[in-house]
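Single-letter residue listing:
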Amino acid sequence: MLTFTGHAGFKYETDDFYILMDPWMSRYGAFDQSWYQFPPNHLLGDHLKEEISAVSKEVYIYISHEHKDHFDIPYLKTLDLSKVTFITPKFRRDHVVSELKKLSPKKVIAQEDSAKLSIGSIDLYLFLDDNELNRDSGICIVDNKEELTFLNLNDCKVYDRIPEIKDLVGNINVLSCQFSGAVFHPVCYEYPEKKYKEISESKVSGKFNSVKKVIETVAPSVYIPAAGPPVFLDEKLFHINFQESNIFPSPLKFKEYLKGELDSVEVYVPIPGSKFVNKDGKISVSHPADDIESFFDKTSLNDYRDSLSPILKQREESKNSYKPEDVFLNLFDELKMKLSDFVLTHKMNVIFQFSLNEIVDKSIYVDFSDLSIFIDIHDYKVDNKDIYEISTDAGDIGRLLDGYQNWDDFMLSFRHKLHRSPDIYQVAINGFLTMEKEDIGAFCSNLMRLENQKERIIVSAGGVDYSVDKFCPHLGSDLSQGWIEDDRYLVCAKHRWMFDLEDGGQAVDADATINAVDLDGDGS
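Before going into details, it helps to say that this report is about the structure given with it. (Residues numbered from 1 in each chain as written. Predicted model: local features only at pLDDT ≥ 70, side-chain atom pairs only at ≥ 80, totals over all residues. Heavy atoms only, no water.)

### Thoughts on the packing of aromatic side chains
1) Next: One pass over the structure, following the stated rule, counts 33 aromatic pairs.
2) Next: Where Trp-35 meets Phe-414, the ring centres are 6.0 Å apart and the plane angle is 45°; that geometry is what we call tilted. On the criterion of sequence distance, the pair formed by Trp-35 in the loop between strand E3 (17-21) and helix H1 (42-54) and Phe-414 in the loop between helix H11 (407-412) and strand E20 (417-421) is long-range, its members being 379 residues apart.
3) Next: Geometrically, the ring pair formed by Phe-354 and Trp-407 is edge-to-face, given 6.3 Å between the ring centres and 75° between the ring planes. Pair noted here: Phe-354 is in strand E16 (residues 350-356) and Trp-407 is in helix H11, with a separation of 53 residues, a long-range link. With respect to burial, Phe-354 and Trp-407 carry one shared label: buried.
4) Next: One aromatic cluster is present, formed by Phe-342, Phe-352, Phe-354, Phe-368, Tyr-388, Trp-407, Phe-410 and Phe-432 through successive ring pairs.
5) Next: Taking NZ or CZ as reference, Lys-213 lies 4.9 Å from the ring centre of Trp-483, over its face. (Phe/Tyr/Trp six-rings, centres within 6.5 Å; stacked < 30°, edge-to-face > 60°. Helix = DSSP H or I, 4+ residues; strand = E, 2+ residues; numbered from the N terminus. Buried < 20%, exposed > 50% of the residue type's maximum accessible area, 1.4 Å probe, protein only. Lys NZ or Arg CZ within 6 Å of the ring centre and 35° of its normal.)

Laid out in structure tokens, this is it:
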């Protein structure tokens, strides 16, 4: 039996064992208490904790990656871990494995990409996306006894590998993957309201279309929308929940979208405790309540926030212990260390400005053209260079520097404001912001490897054949698994980057290209 436990979490149970997947149950939320589970699942988490203590079955817990809405260490510490075997990917950076071992569980299994792990009548496969900007995985459970295959991609975008996955595991009955946004663009950027709305609606539309294509390729009988969106209970973030347009659509909205697009797939919107049963080859769902839609009514969020107010208040009060000047100098040292391993073959004509809201007369600047770092006045004049700005409270960045969160956590906490001119995504800048200092070197090496890949493919658009780079300059996804839109744009299957074939393969809203060549000679 398959049970939804909230957000990206599931439990798969047999007569002999059960497997928990990404149990995010903590009342501390994620990303330094900025994200929270919706609908709430804390009571179900309490029940599962008691169940693990009492059960005689083998207990396995799969952790897909290190993001805190999947890797909930505070909750895991409450479990009887002497009974638990953890299953997690074998990434280049072994952070998750090392952290799991510190918990002293029964066992930790670090599994290779596409390798099979057999537990009784079940075969488990993990599919890894292991690069320096994204480190994630999906899990496939093949129950040979029940003749059921469940592919849970959570928010792992191995969409370009779906044909390979199907060849390995066979027919997939149930699919679950993320359908909503989960990044800090455009949430943290200073856009006019109209542009913010346009960007948000474009991202939602693109995401819906991309996931629809994944569902079509997988061809399951059941799709379960999961892995978000969260809600935001911090006082400074609470307004995001009620924006007219943003990148966090309800699963009910996505189900409505799919109703007009896919007729062959059942779409079951779950709530914590929803059970999926396979009987005679047909999968049915039973919910712990009748009115499912009421669980997504955001008028209840005030009560949700009030129920956690002591936790939220404690965090906010902790920020008062940080002295802005001390944080400023410690931040300078941290950025200087990150910069020391930042080496690329191409020159970047970009100035990066980091400011603390409490300090109005100076900022930290990183000049990527010569890899220098310095402190200057807040209104330092930048000529003939792109500018990327970030500002935040001293207490929030202080908690990062003290180890309460890492750089990726901080960026996903949404407790910062961003501005870039021109408004163009740059992979290297994003990496510098989100990477830990020990990962910067590997990140730069990966970027240079992508730049030097020369393999080409031919794509057709608008009746014209083009020769293009095979691999996306963003994260190296195979563009042969992409698709054409509007007879001119090649779309990457992984993160929906668009490349204008009529403009030499230039990326839309990003500083990158796939070097498209018109093989017909004149573009006619």
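Don't stop here, the text continues.
### Structural notes on the nonpolar core
1) Next: Residues Phe-342, Phe-368, Phe-414 and Trp-497 are the most contacted members of the largest nonpolar core, which totals 78 residues.
2) Next: Take this core: its biggest share by element is 6 residues, from helix H9 (residues 324-340).
3) Next: Sequence-distant contacts of Phe-342, defined by excluding residues within four places in its chain, comprise Met-348, Phe-368, Leu-371, Ala-428, Phe-432, Ile-440, Phe-443 and Cys-444.
4) Next: Counting 31 residues, the second-largest nonpolar core is a separate cluster that includes Ile-162, Leu-175, Ile-215 and Val-265. (Core = buried A, V, L, I, M, F, W, Y, C linked by side-chain atoms within 4.5 Å. Contact = heavy atoms within 4.5 Å.)

### Concerning the packing of helix H12 (residues 427-434) against helix H13 (residues 440-452)
1) Next: Here H12 crosses H13 at 165°, and the two axes come no closer than 10 Å. Of the possible angle classes, the one that applies to H12 and H13 is roughly antiparallel. Considering the relative orientation of H12 and H13, their crossing is right-handed. Residues Val-427, Ala-428, Gly-431 and Phe-432 of H12 form the contact with H13, whose participating residues are Ile-440, Phe-443 and Leu-447.
2) Next: Among the residues forming the contact of H12 with H13, the class breakdown is 6 nonpolar, 1 polar and no charged. (Axes fitted to C-alpha atoms, helices over the stretch in contact; angles between N-to-C directions. Parallel < 35°, antiparallel > 145°, perpendicular 65-115°, else oblique. Left-handed = near helix turned anticlockwise from the far one by under 90°. Nonpolar A, V, L, I, M, F, W, Y, C, P; charged D, E, K, R; others polar.)

### Things to note about unusual backbone geometry
1) Next: For the bond running from Gly-228 to Pro-229, omega is -5°, close enough to zero to count as cis.
2) Next: Along the chain, the position of Pro-229 falls in the loop between strand E12 (222-226) and helix H6 (251-259).
3) Next: In this structure, His-7 takes a positive phi of about 55° despite not being glycine.
4) Next: By the secondary structure assignment, His-7 is in the loop between strand E1 (2-6) and strand E2 (9-13).

### Some details on the sheet that holds strand E21 (residues 456-461)
Sheet strands pair via backbone hydrogen bonds, and the direction of the pair is either parallel or antiparallel.
1) Next: One open sheet accounts for 3 strands, arranged E21-E22-E27; its pairing is antiparallel. Only two strands of the sheet have a single partner each, and these edge strands are E21 and strand E27 (517-518).
2) Next: In this sheet, strand E22 (residues 464-469) lies alongside E21 in antiparallel orientation, the contact comprising 6 bridges. Bridging from a neighbouring strand, Arg-456 pairs with Asp-469 of E22. (Pairing = 2+ DSSP bridges.)

### Notes on the sheet that holds E12
1) Next: Spatially, E7-E8-E9-E10-E11-E12-E13 is the arrangement adopted by the 7 strands of the open sheet, whose pairing is mixed. Looking at which strands have only one partner, the edges of the open sheet turn out to be strand E7 (116-119) and strand E13 (266-267).
2) Next: Note: E7 against strand E8 (residues 122-130), 4 bridges, orientation antiparallel. Following the sheet pairing, Ser-118 is matched in E8 by Asp-123.
3) Next: Seen against the sheet, helix H4 (residues 162-169) touches E8, strand E9 (135-143) and strand E10 (148-154) and runs at an angle of roughly 160° to E8.
4) Next: Sheet strands in contact with H6 are E12 and E13, and its direction is about 145° off that of E12.

### Observations concerning the pattern of salt bridges
1) Next: Under the defined criterion, the tally for this structure stands at 39 salt bridges.
2) Next: Lys-381 serves as the salt-bridge partner of Asp-383, at 3.7 Å between the closest nitrogen and oxygen.
3) Next: By relative accessible area, which is 46% here, Asp-383 ends up partly exposed.
4) Next: According to the relative accessible area criterion, Lys-381 is exposed, its value standing at 63%.
5) Next: Here the salt bridges share partners, and the residues they tie into one network are Asp-32, Lys-236, Arg-315, Glu-316, Lys-319, Asp-393, Asp-396 and Arg-399. (Salt bridge = Lys/Arg side-chain N within 4 Å of Asp/Glu carboxyl O.)

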